[in-house]
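# Structural characterization, general
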Amino acid sequence: SMGFGDEDREFADQLLRWADADGSGEIDKDEFNILMALTLKKPDQDEQEEDMRAFFRKFDEDGNGTLSMEELSQIFVKLGVSLSPQDLGNLMYECFRVKKTELGVDDFVRWVQHIESQMGEHK
């Protein structure tokens, strides 16, 4: 053991399960890049935005260019966060000040940045 406790192993396992979006039991290059984007802090704003756009494309399962409330809810489920549709709607309203039922890629990037700014620096 490299000094990792059960909690660290559990967190790593959860990250790997979550990153394995296609359920193959292996992490492919795209899944790895997304995992790295989410776990490594990058100073470059353009890179962060591109990572969020890649994340968006990965979860836009029907490929229609928007993430529905259902698709967004599934992202949070994979992250181990249970959010009701109402909670999700409230998070969107806090950012956009209008009711939204889906997000395009630009709105998604803006929304994630808003959530990160609300959370502050917890890294």
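Above this text you will find the structure in question.
Here we summarise the structure given alongside this text. These numbers come from a predicted model, not from an experiment. (Residues numbered from 1 in each chain as written. Predicted model: local features only at pLDDT ≥ 70, side-chain atom pairs only at ≥ 80, totals over all residues. Heavy atoms only, no water.)

## With respect to the packing of aromatic side chains
- On inspection of all chains with the given rule, the structure shows 5 aromatic pairs.
- Aromatic side chains Phe 56 and Phe 108 sit 5.6 Å apart centroid to centroid with 55 degrees between the ring planes, which places their arrangement in the tilted category. Here the residue Phe 56 occupies a position in helix H3 (residues 45–59), and Phe 108 occupies one in helix H6 (residues 105–119), the gap between them amounting to 52 residues. With respect to class, Phe 56 is no different from Phe 108; both count as buried.
- Aromatic side chains Phe 76 and Trp 111 sit 6.1 Å apart centroid to centroid with 85 degrees between the ring planes, which places their arrangement in the edge-to-face category. Pair noted here: Phe 76 is in helix H4 (residues 69–78) and Trp 111 is in helix H6, with a separation of 35 residues, a long-range link. Both residues of the pair, Phe 76 and Trp 111, count as buried.
- One aromatic cluster is present, formed by Phe 55, Phe 56, Phe 59, Phe 76, Phe 108 and Trp 111 through successive ring pairs.
- The ring of Phe 96 has Lys 100 lying over it, and the distance from NZ or CZ to the ring centre is 4.9 Å. (Phe/Tyr/Trp six-rings, centres within 6.5 Å; stacked < 30°, edge-to-face > 60°. Helix = DSSP H or I, 4+ residues; strand = E, 2+ residues; numbered from the N terminus. Buried < 20%, exposed > 50% of the residue type's maximum accessible area, 1.4 Å probe, protein only. Lys NZ or Arg CZ within 6 Å of the ring centre and 35° of its normal.)

## Quick look at the environment of Ala 21
- Along the chain, Ala 21 turns up in the loop between helix H1 (6–19) and helix H2 (29–39).
- In this structure the C-alpha to C-alpha distance between Ala 21 and Lys 58, which are 37 residues apart in sequence, comes to 8.2 Å.
- Those residues within four positions of Ala 21 in sequence are excluded, and the remaining contacts are Glu 31, Lys 58 and Lys 78. (Contact = heavy atoms within 4.5 Å.)

## Digging into the packing of helix H5 (residues 85–96) against H6
- H6 packs onto H5 with a crossing angle of 95 degrees between their chain directions and a minimal axis gap of 10 Å. Overall, the two elements H5 and H6 adopt an arrangement that is roughly perpendicular. Contacts between H5 and H6 involve Leu 88, Leu 91, Met 92, Glu 94, Cys 95 and Phe 96 on the former and, on the latter, Asp 107, Arg 110, Trp 111 and His 114. (Axes fitted to C-alpha atoms, helices over the stretch in contact; angles between N-to-C directions. Parallel < 35°, antiparallel > 145°, perpendicular 65-115°, else oblique.)

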